[in-house]
Structures are given as C-alpha cells and as structure tokens.
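So the chains spell out like this:
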Amino acid sequence: MTDGTDPSGGPDDDPHTAYEYVDRAIDLASQSVDAGNTPFGALIVVDGEIVGEGHNETRTGDDIAAHPEMTLARWAARELDPDERARCTMYASTEPCPMCATAIHYAGLDRVVFGVDGETLNDLSGDVVPIPCEEVIRRADGDTTVEGPIATEAAMSLHRSFYGEQ
C-alpha cells in the first residue's frame with residue numbers, strides 16, 4: 001500500500017522519521033481514549049515542523065465527523081496556503097477513513113503516513129468502512145501520496161486495549 005518511497009525519512013531538513021511522527025500520533029490516540037473518545041490521533045508536519053495535532057472527539061464533541069484527520073485537513077485548508085499544503089504530511093495512528101481521505105484530498109495535502117490499515121482494525125472492531133485511503137485518493141484523481149501501514153503492532157496494541165480481543 002505504499003508508493004515505493006521509504007517512509008522512514010521525511011524532507012531533508014526534517015530530523016524526525018515517519019516512525020517517530022506516527023508514534024506521536026499513537027500517543028495522541030491514547031490521549032483521545034483518556035478524554036473519553038475512540039483511539040485515533042493525527043498531526044500535520046510542514047518542513048519538519050509540527051504545525052497541528054489532534055485526536056478523536058466524536059464522543060465528547062457529540063460530532064460524528066470529529067475525526068482528527070478531518071479536523072486537521074479542514075484546519076490546513078483554512079490556515080495554510082496552497083504551497084504549504086503541497087509540502088505537508090499528515091501522520092495518523094490509523095489509516096484515514098474514506099470521509100477523512102476525501103477531506104485530505106480536497107485540502108491538497110501532499111502526503112499521508114499511517115500506523116495501521118483500516119482492514120486490520122476492522123478485523124478487530126468490525127466498525128470500519130474498508131475502503132483504503134489510497135483508493136479514495138486515486139479515484140478522486142488526487143496527487144496525495146499514501147504510505148503505510150508502518151507501525152501496525154504499536155497502533156493495534158492501543159486498539160486492542162480499547163476494543164478488546166475479538
């Protein structure tokens with residue numbers, strides 16, 4: 001499900017690796033659970049700098065669309081200029097769902113890297129729309145590069161603790 005690039009690195013001026021950013025997204029997902037929500041987190045990086053972070057707020061915000069990827073894509077579309085969005089990467093604990101993938105496409109984000117794919121999570125939770133992010137972007141004629149999964153065990157550990165073993 002990758003485009004053949006190495007997700008271990010970022011832009012030349014970025015001292016962090018994709019794995020470190022996805023680990024941060026998993027930390028944000030854990031914070032989401034602590035706040036009473038489901039275990040999803042994401043962040044946006046532009047030129048090696050984290051410019052936005054979020055976690056799921058669907059339960060506490062009583063908003064079915066309050067996924068961190070959706071919230072961050074909407075924020076980026078409002079707050080970042082097109083050149084910045086074309087240089088940014090969203091790192092997510094879990095593969096963005098079709099709704100979030102569409103928002104990422106419309107926002108014009110350059111790249112998405114995620115920890116665990118939706119199909120693997122669906123095997124555990126049974127509550128995922130199993131259309132890959134990469135397919136949504138491709139069918140929209142989008143240019144966003146999609147990479148992952150790159151941290152399946154770390155992300156699934158959190159999901160298993162939340163959803164329980166099935």
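Basis of the calculations
Residues numbered from 1 in each chain as written. Predicted model: local features only at pLDDT ≥ 70, side-chain atom pairs only at ≥ 80, totals over all residues. Heavy atoms only, no water. Phe/Tyr/Trp six-rings, centres within 6.5 Å; stacked < 30°, edge-to-face > 60°. Buried < 20%, exposed > 50% of the residue type's maximum accessible area, 1.4 Å probe, protein only. Core = buried A, V, L, I, M, F, W, Y, C linked by side-chain atoms within 4.5 Å. Helix = DSSP H or I, 4+ residues; strand = E, 2+ residues; numbered from the N terminus. Pairing = 2+ DSSP bridges. Axes fitted to C-alpha atoms, helices over the stretch in contact; angles between N-to-C directions. Contact = heavy atoms within 4.5 Å. Parallel < 35°, antiparallel > 145°, perpendicular 65-115°, else oblique. Left-handed = near helix turned anticlockwise from the far one by under 90°. Nonpolar A, V, L, I, M, F, W, Y, C, P; charged D, E, K, R; others polar. Polar contact = N/O pair within 3.5 Å; in protein donor to acceptor, adjacent residues only side chain to side chain.

**Digging into the packing of aromatic side chains**
Then step 1. Taken as a whole and judged by the stated rule, the model has 2 aromatic pairs.
Then step 2. Here the aromatic rings of Phe162 and Tyr163 are separated by 4.8 Å at their centres, their planes lie at 85°, and the arrangement is edge-to-face.
Then step 3. A residue is classified by how much of its surface remains accessible, and Phe162, at 26% relative accessible area, is partly exposed.
Then step 4. When its relative accessible area of 27% is taken as the criterion, Tyr163 is described as partly exposed.

**Side note on the nonpolar core**
Then step 1. One finds Ile44, Ala73, Met90, Ile104 and Leu109 to be the most contacted residues of the largest nonpolar core, which totals 23 residues.
Then step 2. The set of elements that each furnish at least two residues to this core consists of strand S1 (41-46), helix H2 (68-79), strand S3 (88-94), helix H4 (98-107), strand S4 (111-116) and helix H6 (133-139).
Then step 3. Take this core: its biggest share by element is 5 residues, from H4.
Then step 4. By size, the runner-up hydrophobic cluster in this structure holds 20 residues, among which are Val22, Ile26, Ala151 and Ala155.

**Observations regarding the sheet that holds S1**
Then step 1. Read across the open sheet, the 5 strands follow the order S2-S1-S3-S4-S5; overall the sheet is mixed. Each edge of the sheet is formed by a strand with only one pairing partner; in this case those strands are strand S2 (49-55) and strand S5 (145-147). Taking the axes of each pair of neighbouring strands and ignoring which way they run, one obtains an average angle of 15° across the sheet.
Then step 2. Bridge count between S4 and S5: 3 bridges; the pairing is parallel. In the sheet register, Arg111 faces S5, and the bridge partner there is Thr145.
Then step 3. Helix-sheet contacts for helix H1 (residues 18-34) involve S1, S2, S3 and S4, and the interaxial angle to S1 is about 140°.

**A word on the packing of helix H5 (residues 118-125) against helix H7 (residues 152-163)**
Between two packed helices, the angle of one axis relative to the other and the distance separating the axes together describe the packing.
Then step 1. In the contact formed by H5 and H7, the axes pass within 10 Å of each other and the chain directions differ by 25°. Classed by the angle they form, the pair H5 and H7 counts as roughly parallel. In this structure, H5 crosses over H7, and the sense of that crossing is right-handed. Judged by residue contacts, Thr120, Leu121, Leu124 and Ser125 of H5 engage Thr152, Met156, His159, Arg160 and Tyr163 from H7.
Then step 2. Taken together, the residues of the contact of H5 with H7 sort by class into 4 nonpolar, 4 polar and 1 charged.

**Focus on the side chain of Arg111**
Then step 1. Mapping Arg111 onto the fold places it in strand S4.
Then step 2. At 3.5 Å, the side chain of Arg111 forms a polar contact with the side chain of Thr89.

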